[in-house]
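Understanding the architecture of this molecule
Each chain is listed here by its residues.
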Amino acid sequence: MNEPYERLLYSAANAAEVIKECIEQDSLLLLVCHNDADALSACGIMVGSLWRKDARFLARSVNRIDELFRQAEEGLVGADCIVFLDIGSGYVKEIHNRFGERRVVIIDHHQPQSLDVPKGFFHLNPHFQGLDGATQVSASGLAYLVSRALDEENYVYSPIAVVGALGDLQDKDGQRRLRGVNAKIVEEAVERGLMHTTEDLILFGRSFRPLHVALASTSSPFLPGLTGREDACYSLIASLGIKVKEGDAWRVLADLTEEEKSRLYNGIISFLASKGLPASSIARELIGTVYELAEEDRWTYLRDAREFAWLLNACGKTGNAWVGMAVAAGVRGGLLEEAQKLLEDYRVQMAKNMELITRPDAMTSMEHIVVINGGDLIDERQVSSLASLISSSGMIPQDKVLIAWARHGDRIKVSARASRSHVERGINLGSILSEVAGSVGGRGGGHNVAAGADVPADALELFLKEVDRRVGSQL
Ligand code: C5P
């Protein structure tokens, strides 16, 4: 991977040169990103880097790229230089049609639509160097490489790049740890003293949160019957004969002996198995590398990188992306309090959503896919997180691809998730969703394991049938 990595660094340095020129010419820059944790991390890194350079810029998050296109048609996009983060690689032609006369930098890790790069455009994408954008590096990692090329001192953002990669579930390639370019960024964060890593059970807050609270806050993987249920977690731990307190002090996961940890691990597996869930596949997701941000206060939700990613998702998926962007850029104080409150509300909301859409009548099984019908009950911005939760919970048959959807007006937001074994058998959800959505008048794209689309509501049935057929033929 060294040679592709060197080429990626070279490409990131070139992207940084374009941004530097825009800053030196005092051009107004517009940062445009998507609304998830990786996007907000990427944008936060770039916001922080531009602040440090005293650049003139605006930053905004969009639910869909069409929102920006619509505003451009109304003459509302006035910047001279547009930097797309975590969005854009699938829409180079459309971006060129609208913004062809401006400086455009695309920093994205999704499968590119084509290898052609229009004049005046700079397109940073790991697929050009033969690196997989679903597992090797995410948009925040790319934004970090560009930011480091802008200024060495921007190493301070290395933990945020890790947060984004984890938010993008790039640690799910067999074992729960980051690899490739992501691992190089982790190495740098650790060397700089900004991050600690440990191999352990992946409970949110292993070193600082009471054991039952840590287990209940763990949502990656989602543990049906335990996630969000402190009472159930407390009972389980007590029934395993593990002390929750030492004197007056709550015990944390890091205090447990190896024997106690293995008792806890086996207890969780038995609990899930007793509910008829495929406990062994969830169990694999429970062990791996824990990433802690050394400089964050342990009483915040920012200390554990996976939880930090959840906080950013909570901001982005409730219409408060700017709060997440600012926290990722380094703002704390009142804004952090607001972000933490958003996360608490989001957890409650997601628990309700899970109850709603995991009812048998909300699921339809087709030949190769399971469809989760969110209808009007689910906020379309939250379909994507729900799809990720359900796919990590073992609640749907392992051999089927998951498709979740919700309506917004006369459109449908779709999220699709496959397993690694589907991908090994040839599935590429990004290309399926891009082609099928395109054929029914919508847009779609993404990675081989995770993809999304937006389609007209009256085409939903046709869309689902065609996705089912294509999944079958790719398998
Ligand atoms: O929306 P969701 O998170 O389910 O999408 C999965 C992946 O596909 C994300 O990385 C998202 O950015 C990408 N995607 C895309 N084009 C779309 C919708 C989603 O590239 N139209």
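Residues numbered from 1 in each chain as written. Predicted model: local features only at pLDDT ≥ 70, side-chain atom pairs only at ≥ 80, totals over all residues. Heavy atoms only, no water.

The next subject is the site of the ligand. Tyr91, His110, Ser384, Lys413 and Ser415 are the nearest of the 16 residues found near the ligand. Side-chain polar atom of Tyr91 to a nitrogen atom of the ligand: 2.8 Å apart, as the coordinates give it. Contact between the ligand and Gly445: a nitrogen atom at 3.3 Å from a main-chain N or O atom of the residue. Protein contacts shield 86% of the accessible area of the ligand, which totals 450 Å² for the unbound molecule. Contributions of two or more residues to the shell around the ligand are made by strand 13 (411-417), strand 14 (443-446) and strand 15 (450-456). Split into classes, the residues belonging to the shell around the ligand amount to four nonpolar, nine polar and three charged. (Near = heavy atom within 4 Å. Polar contact = N/O pair within 3.5 Å; in protein donor to acceptor, adjacent residues only side chain to side chain. Areas by Shrake-Rupley, 256 points an atom, 1.4 Å probe, with all protein chains shown as cover. Helix = DSSP H or I, 4+ residues; strand = E, 2+ residues; numbered from the N terminus. Nonpolar A, V, L, I, M, F, W, Y, C, P; charged D, E, K, R; others polar.)

Here we come to the side chain of Asp171. Tracing the chain through its elements places Asp171 in the loop between helix 6 (158-167) and helix 7 (180-191). Side chain to side chain, Asp171 and Arg306 meet in a polar contact 2.9 Å long. Not counting the four nearest positions on each side in its chain, Asp171 is found in contact with Leu166, Arg176, Arg177, Leu178 and Arg306. (Contact = heavy atoms within 4.5 Å.)

What follows deals with the state of the cysteines. By the definition in use, this model includes zero disulfides. Cys315 takes part in no disulfide bond, and the closest cysteine sulfur to it belongs to Cys33, at a distance of 12 Å. Residue classification places Cys315 among the buried residues on the basis of a relative accessible area of 0%. (Disulfide = S-S within 2.5 Å. Buried < 20%, exposed > 50% of the residue type's maximum accessible area, 1.4 Å probe, protein only.)

Time to look at the packing of aromatic side chains. Taken as a whole and judged by the stated rule, the model has two aromatic pairs. Measuring from ring centre to ring centre gives 6.3 Å for Phe84 and Phe99, while their planes differ by 50°; the resulting arrangement is tilted. In this pair, Phe84 sits in strand 3 (residues 81-85) while Phe99 sits in helix 4 (residues 92-99), placing the two residues 15 residues apart along the sequence. Note on Trp310 and Tyr346: the rings are 5.8 Å apart at their centroids and 55° apart in plane angle, and the pair reads as tilted. One end of the pair, Trp310, is in helix 12 (residues 305-316); the other, Tyr346, is in helix 14 (residues 334-357), and 36 residues separate them in sequence. Of the residues examined, Trp310 reaches a relative accessible area of 11% and is grouped as buried. Looking at Tyr346, the relative accessible area reads 1%, which means it is buried. Note that Arg192 overlies the ring of Tyr155, its terminal NZ or CZ placed 3.8 Å from the centroid. Sitting above the plane of the Tyr301 ring, Arg347 keeps its charged end 5.6 Å from the centroid. (Phe/Tyr/Trp six-rings, centres within 6.5 Å; stacked < 30°, edge-to-face > 60°. Lys NZ or Arg CZ within 6 Å of the ring centre and 35° of its normal.)

Its place among the elements puts Ile287 in strand 9 (residues 287-293). Judged by relative accessible area, which is 42%, Ile287 ranks as partly exposed. Separated by 87 residues in the primary sequence, Ile287 and Asp200 place their C-alpha atoms 5.8 Å from one another. Once you skip the residues sitting within four places of it in the chain, Ile287 turns out to touch Arg176, Asp200, Leu201, Ile202 and Tyr265.

Before going further, it helps to spend a moment on the UniProt feature "domain: DHH-CID" (unreviewed entry) in the protein. Those places that UniProt annotates as "domain: DHH-CID" (unreviewed entry) correspond, in this numbering, to residues 203-284. Taken end to end, residues 203-284 is 49% helix and 5% strand, and its first and last C-alpha atoms sit 13 Å apart. (UniProt positions renumbered as here; feature names shortened; annotations may be inferred.)

Let us now look at the domain arrangement of the protein. Domain annotation of the protein identifies domain 1 (2-194), domain 2 (201-355) and domain 3 (363-474). At the interface, 18 residues of domain 1 touch 16 residues of domain 3. Counting across the domain 1 and domain 3 interface gives four salt bridges. With a closest N to O distance of 3.6 Å, Asp454 and Arg64 form a salt bridge. For the side of domain 1 that touches domain 3, the element with the highest residue contribution is helix 3 (residues 65-73), accounting for three residues. (Domains from an automatic or database assignment. Salt bridge = Lys/Arg side-chain N within 4 Å of Asp/Glu carboxyl O.)

With that settled, consider the pattern of salt bridges. For the structure on display, the rule yields 38 salt bridges. A salt bridge links Arg251 to Glu260; its shortest N-O distance comes to 2.8 Å. Overall, Arg251 belongs to the buried group, its relative accessible area being 6%. For Glu260, a relative accessible area of 11% translates into the label buried. When salt bridges that share partners are traced, they join Arg64, Glu380, Arg411 and Asp454 into one network.

Glancing now at the nonpolar core. Within the largest apolar cluster, 96 residues are counted, with the highest numbers of intra-cluster contacts made by Ile19 and Leu85. Listed in part, the 28 residues of the second largest apolar core include Leu201, Leu226, Leu264 and Ile282. (Core = buried A, V, L, I, M, F, W, Y, C linked by side-chain atoms within 4.5 Å.)

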